[in-house]
Amino acid sequence: MPMDLGLQNKKVLVTGASRGIGKGISLLFAKEGAEVSIVARNKEGLEKTAQEHPSLYPIAGDLTDEKERERVFKDHMEQFGTIDILINNVGGSVGTTVDETPLSQFQQAMEWNYFSAVHFSQLALPVMKKQESGAIVNISSIYGRESGGKAPYNNAKSALISFTKALADEVISEGIRVNSVAPGSIIHPEGSWQKRVDEDPEKMKKFVRREIPGGRFGTVEEVANVVVFLASEKASWISGATIQVDGGQSHMNM
């Protein structure tokens, strides 16, 4: 059942939305009555996702490219006329160790996970400021706050958390809230955790027992629920926060 968060007819743009967490977020917004531009590089995957709800509008684009981001945003505005909610979800992990990862992959990780969020936020801000309302939610990671995973990814997600707080303080007086959600290990059919489970289920069982106090992987729906809540007026006094959705996996105590 929908959460009835007052999101009917809100205009939403979600990046990285053809599968996984982005897809789950988009579908939940649509079920809440919002109209949603879903954006990703995979045109086929986008169109397949769009068939799951009539309120989903697919826009294909390479979000590591500045001109492509501008084109995508223009397409959204031409379709819906405004933007009420921006979800910066697109991202991914590259590289190995710091010593063995070429600088170009550090740059790629930043374009993918960080600069895309900065740029889409800059594109959305004039519209949100004019209407004196808006919500931006960035999808970071627990590894943006502590070690774990690959350095280029961690570095970019850490920058995204810092950006979230900086922008939140800058624009809350103009009716715009900015927050972040930091998932832990989330499993879904197309994701890396499912691949690892398929390759070595016993190893992954040990990982879960060792690393996740909740005793299992998280789900896409559990992340989506928090994101959609943060974007709603029910979260009107939450600004600049990064909310962990991890079943206790992270080691941070603040």
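Just above sits the structure.
Residues numbered from 1 in each chain as written. Predicted model: local features only at pLDDT ≥ 70, side-chain atom pairs only at ≥ 80, totals over all residues. Heavy atoms only, no water.

1. Digging into the packing of helix α3 (residues 66-80) against helix α4 (residues 103-131)
A packed helix pair is summarised by two numbers, namely the angle formed by the two axes and the spacing between the axes.
Logical step 1: Two elements in contact, α3 and α4, have axes separated by 10 Å at closest approach and are oriented at 40 degrees. With respect to α4, the element α3 is oriented oblique. The hand of the α3/α4 crossing is right-handed. On the side of α3, the interface is formed by E66, R69, E70, V72, F73 and M77, while α4 contributes E111, F115, S116, H119, F120, L123, A124 and V127.
Logical step 2: For the contact of α3 with α4, the per-class residue count stands at eight nonpolar, two polar and four charged. (Axes fitted to C-alpha atoms, helices over the stretch in contact; angles between N-to-C directions. Helix = DSSP H or I, 4+ residues; strand = E, 2+ residues; numbered from the N terminus. Parallel < 35°, antiparallel > 145°, perpendicular 65-115°, else oblique. Left-handed = near helix turned anticlockwise from the far one by under 90°. Contact = heavy atoms within 4.5 Å. Nonpolar A, V, L, I, M, F, W, Y, C, P; charged D, E, K, R; others polar.)

2. Points about α4
Logical step 1: For α4, with 29 residues, the first-to-last C-alpha span of 41 Å sits near the 42 Å given by 1.5 Å per residue.
Logical step 2: Along α4, the sharpest change in direction is near 45 degrees and occurs at E111.
Logical step 3: Downstream of α4 by a residue or two, E132 has a phi angle that is positive, lying close to 55 degrees. (Expected span 1.5 Å × (residues − 1). Bend = angle between axes of the 7 residues up to and from the residue.)

3. Re the pairing of strand β4 (residues 85-88)
Logical step 1: Every second residue of β4 is oriented toward a common face, with I85 and I87 on one face and L86 and N88 on the other, all of them buried.
Logical step 2: Viewed along the sheet, the connection from β4 through α4 into strand β5 (residues 134-139) turns out right-handed. (Buried < 20%, exposed > 50% of the residue type's maximum accessible area, 1.4 Å probe, protein only. Right-handed = clockwise from strand over helix to strand, strands pointing away.)

4. Topic: the packing of helix α1 (residues 20-31) against helix α8 (residues 220-231)
Logical step 1: Where α1 meets α8, the axes come as close as 8 Å, and the angle between the chain directions of the two elements is 55 degrees. Comparing the axis directions of α1 and α8 gives the class oblique. Crossing of α1 against α8: the hand is right-handed. Here G20, I21, G24, I25, L28 and F29 of α1 come into contact with α8, specifically with V220, V223, A224, N225, V227, V228 and A231.
Logical step 2: Looking at the contact of α1 with α8, its residues break down into ten nonpolar, three polar and no charged.

5. With respect to unusual backbone geometry
Note: most peptide bonds trans; most residues except glycine with negative phi.
Logical step 1: Even without being a glycine, N9 presents a positive backbone phi close to 70 degrees.
Logical step 2: Note that N9 resides in the segment before β1 (11-15).
Logical step 3: In this structure N9 comes out as exposed when scored by relative accessible area, which is 54%.

6. As for the layout of surface pockets
Logical step 1: There is about 1300 Å³ of room inside the largest pocket.
Logical step 2: Around the largest pocket sit 42 residues that line it, and G91, G92, S93, Y153 and S192 are the ones nearest its centre.
Logical step 3: Contributions of two or more residues to the lining of the largest pocket are made by α1, α4, α5 (151-171) and α6 (192-199).
Logical step 4: Tallied by class, the residues present in the lining of the largest pocket amount to 13 nonpolar, 22 polar and seven charged.
Logical step 5: The space that makes up the second largest pocket amounts to roughly 230 Å³.
Logical step 6: Lining of the second largest pocket is provided by 14 residues; of these, K23, G24, L27, V220 and E221 occupy positions nearest its centre.
Logical step 7: Secondary-structure elements contributing two or more residues to the lining of the second largest pocket are α1 and α8.
Logical step 8: The greatest single-element share of the lining of the second largest pocket, amounting to six residues, is contributed by α1.
Logical step 9: Each residue belonging to the lining of the second largest pocket can be placed in one class, and the counts come to five nonpolar, four polar and five charged. (1 Å grid on protein atoms, 1.4 Å probe; cavity = no way out; pocket = protein on both sides within 12 Å on 5 of 7 lines; lining within 4 Å. Points joined across faces, edges and corners; volume = space filled by probe spheres on them.)

7. A few points about the pairing of strand β6 (residues 176-183)
Logical step 1: Judged by how many residues are buried, β6 sits mostly within the fold: eight of eight residues are covered.
Logical step 2: Side chains of β6 alternate between two faces, with I176, V178, S180 and A182 and R177, N179, V181 and P183 buried alike.
Logical step 3: Of the strand pairs in this sheet, β5 and β6 are connected by six bridges, and their pairing is parallel. Bridging from a neighbouring strand, I139 pairs with V181 of β6.
Logical step 4: Following the chain from β5 across α5 to the adjacent parallel β6, one finds a crossover that is right-handed.
Logical step 5: Summarising the sheet, β6 and strand β9 (residues 242-245) pair through four bridges and their orientation is parallel. (Pairing = 2+ DSSP bridges.)

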